[in-house]
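Per-entry structural report
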Amino acid sequence: MRSSVEIYSLDTQESRVVWQTDRLFEAPNFTADGKSLILNADGLLYRLSVDGGEPVQIDTGLARACNNDHGLSPDGKTIVISDKTEYGASTIYTLPLGGGAPSQVTAKTPSYWHGWSPGGKTLAYCGIRDDVFDIYTIPVEGGEETRLTFGEGRNDGPDYSPDGAWIYFNSSRTGRMQIWRVRPDASEVQRITNSEYGDWFPHPSPDGRNLLVLSYDADVFDHPRDLNVRLRIMDMDGGNARILFPLFGGQGTINVPNWAPDARSFAFVRYAPAS
């Protein structure tokens, strides 16, 4: 599998290749200064300059089975990861940006991180409890989790709006996977997309203007790798939706928040059979 780490510019409407490898790399996040990307490969995390070069491994301590659900705190000082090394199921931890011993956040598993509140105090994630996929939040230091959805289909991929007023997520509650949003106190739920695609992993831009979505063909229920997909962009309420470009990808392409701090570009990974 060949991985091509790329950055797409909204201004030029073109993408540029940052780095390519025959290893499987996934799920790029921008650092707060916009100079580096954080990615995962083979259960480990790496930092990659946006100008290219070789990725540098980040020390994640005992966490040696990190998946593609990771990201950074709003102040850019802390990394959150989902890792199954210790408990055999995905567990959420935090660690310093420069690396170090991870601190456990979630006691219940599996838990897959996807969003960090703008104020830095709360994490949003997909929790699987009794085989039911729902959206939960938890204080960043750990504690009791709060359930925001209640078994209406499969619910996954939560990410906060930059003002903290909504948590966007994908849900199959109407049959096909579509994008929804819920208030952080679960007081209101709204549907965002009603598309011909299977929509996954909504990521609001830092300026609150755009929502980026990974869209599969309608007959694909899950979010597998190695398929023809497309990246779509729309207003925060789902209006003015359009395809930015098609690509060969899926799982690992944009699982987690991937916008640059200036909201003018985003990172993603496309895949191809190794040469």
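The paragraphs below set out a description of the structure included in this document. Quantities reported herein were computed from a predicted structural model and do not represent experimental measurements.

**Considering the overall build of the protein chain**
Secondary structure summary: the protein chain contains 0 helices and 23 strands in total. For 275 residues, the compact-globule estimate of 2.2 N^0.38 gives 19 Å, and the C-alpha radius of gyration of the protein chain, at 17 Å, lies within 12% of that figure. In terms of its C-alpha atoms, the protein chain occupies a principal-axis envelope of roughly 45 × 40 × 30 Å. Out of the 275 residues in the protein chain, the part that is buried amounts to 56%. Within the protein chain, residue pairs in contact and separated by at least 24 positions form 40% of the contacts whose partners lie at least 6 positions apart. Accessible surface, the protein chain: about 11000 Å² in total, of which carbon and sulfur atoms supply 46%.

**Some details on the side chain of aspartate 83**
With respect to the helices and strands, the residue aspartate 83 is situated in strand β8 (residues 78-83). Of note is the side chain of aspartate 83, whose polar atom sits 2.9 Å from the backbone nitrogen of cysteine 66.

**Notes on the sheet that holds strand β16 (residues 167-171)**
Whether parallel or antiparallel, the strands of a sheet pair through hydrogen bonds between backbone atoms. With antiparallel pairing, 4 strands are arranged side by side in an open sheet as β15-β16-β17-β18. Each edge of the open sheet is held by one strand with a lone partner, namely β15 (155-160) and β18 (189-191). The average angle at which neighbouring strand axes cross in this sheet is 25 degrees, direction not considered. Examined bridge by bridge, β16 and strand β17 (residues 178-182) share 5 bridges and lie antiparallel to one another.

**Details of the pairing of strand β21 (residues 227-234)**
Buried residues dominate β21, accounting for 6 of its 8 residues. Relative to β21, strand β20 (residues 211-216) is paired through 5 bridges, and the arrangement is antiparallel. If you follow leucine 214 over to β21, its bridge partner there is leucine 231. Of the strand pairs in this sheet, β21 and strand β22 (residues 242-249) are connected by 7 bridges, and their pairing is antiparallel.

**Some details on the nonpolar core**
Residues Leu231, Phe245, Phe266 and Phe268 are the most contacted members of the largest nonpolar core, which totals 19 residues. In this structure phenylalanine 266 touches Glu6, Ile7, Tyr8, Leu10, Phe30, Leu212, Leu231, Leu244, Phe245, Asn258, Trp259 and Ala260, once residues within four positions along its chain are discounted.

**Concerning unusual backbone geometry**
Cis geometry marks the peptide bond from threonine 109 to proline 110, where omega comes out at -5 degrees. Here proline 110 lies in the loop between β10 (103-104) and β11 (111-116).

**Examining the environment of isoleucine 179**
Positionally, isoleucine 179 belongs in strand β17. Separated by 15 residues in the primary sequence, isoleucine 179 and asparagine 194 have C-alpha atoms spaced 8.0 Å apart. For isoleucine 179, the contacting residues outside a window of four places in its chain are Tyr168, Phe169, Asn170, Arg191, Ile192, Thr193, Asp199, Trp200, Pro202, Leu211 and Val213.

**Overview of the side chain of serine 4**
By the secondary structure assignment, serine 4 is in strand β1 (residues 2-9). What makes serine 4 buried here is its relative accessible area of 5%. At 3.1 Å, the side chain of serine 4 and the side chain of glutamine 20 are in polar contact. Contact partners of serine 4, with chain neighbours within four places excluded, come to Val17, Trp19, Gln20, Phe268, Val269 and Arg270.

**Things to note about the sheet that holds strand β13 (residues 132-139)**
The strand order across the open sheet built from 4 strands is β11-β12-β13-β14, with neighbouring strands paired in antiparallel fashion. Looking along the sheet, the strands with just one partner apiece sit at the ends: β11 and β14 (146-147).

**Description of the pairing of β13**
Sheet topology note: the strand β12 (residues 122-129)/β13 ladder contains 8 bridges and is antiparallel. What sits directly across from glycine 127, in β13, is aspartate 134. Pairing of β13 with β14, which is carried by 2 bridges, proceeds in the antiparallel orientation. Within β14, the residue paired with tyrosine 136 across the bridge is arginine 147.

**A few points about the packing of aromatic side chains**
Scanning the model with the defined rule gives 9 aromatic pairs in all. For the pair tryptophan 19 and phenylalanine 25, a centre-to-centre distance of 4.9 Å together with 85 degrees between the ring planes defines the contact as edge-to-face. Residue tryptophan 19 is classed as buried on the basis of its relative accessible area of 10%. With a relative accessible area of 0%, phenylalanine 25 lands in the buried category. Ring centres of phenylalanine 245 and phenylalanine 268 lie 5.1 Å apart, and the angle between their planes is 45 degrees; this geometry places the pair in the tilted category. Of this pair, phenylalanine 245 sits in strand β22 while phenylalanine 268 sits in strand β23 (residues 265-272), and the two are 23 residues apart along the sequence. Grouping aromatic residues by their ring pairs yields a cluster made of Tyr8, Phe245, Trp259, Phe266 and Phe268. In this structure, arginine 225 is placed above the aromatic ring of tyrosine 271, and the distance from its NZ or CZ to the ring centre is 5.9 Å.

Basis of the calculations
The residue numbering used here restarts from 1 in each chain and proceeds along that chain's sequence as written. Restriction of local features to residues with pLDDT of at least 70 applies here, the model being predicted, together with a cutoff of 80 or more for giving and counting side-chain atom pairs; totals for whole chains, interfaces and linings are based on all residues. Each side-chain value is derived from all of the structure's non-hydrogen atoms; neither hydrogens nor water enter the calculation. Helix and strand definitions here come from DSSP, where helices need a minimum of 4 consecutive H or I residues and strands a minimum of 2 consecutive E residues; each element is numbered from the N-terminal end. Based on C-alpha atoms, the radius of gyration is set beside the globule rule, defined as 2.2 Å times the residue count to the power 0.38. Whether a residue is buried, partly exposed or exposed follows from its accessible area with a 1.4 Å probe, protein chains only, as a fraction of its type maximum: under 20%, in between, or over 50%, in that order. Note on contacts: a residue pair qualifies if any of its non-hydrogen atoms lie within 4.5 Å across the two residues. Surface accessibility in these figures is a Shrake-Rupley result with a 1.4 Å probe; residues are shielded only by whichever protein chains are displayed. As used in this structure description, the phrase polar contact means that two N or O atoms lie within 3.5 Å; if the pair is within protein, one of them must be able to donate a hydrogen and the other to accept it, and residues adjacent in sequence are counted only when both atoms belong to side chains. Only strands that DSSP links by at least two bridges are regarded as paired with each other. Here the axes come from fitting lines to C-alpha atoms, over the contacting stretch only for helices, and the angles between their N-to-C directions go from 0 to 180 degrees. Buried Ala, Val, Leu, Ile, Met, Phe, Trp, Tyr and Cys residues form a nonpolar core when they are joined through side-chain atoms within 4.5 Å. Under the pairing criterion, centres of Phe, Tyr and Trp rings, with the six-membered ring standing for Trp, must be within 6.5 Å; the plane angle then separates stacked pairs below 30 degrees from edge-to-face pairs above 60, leaving the rest tilted. Whether a charge sits over a ring comes down to the Lys NZ or Arg CZ being within 6 Å of the ring centre and within 35 degrees of the ring normal.

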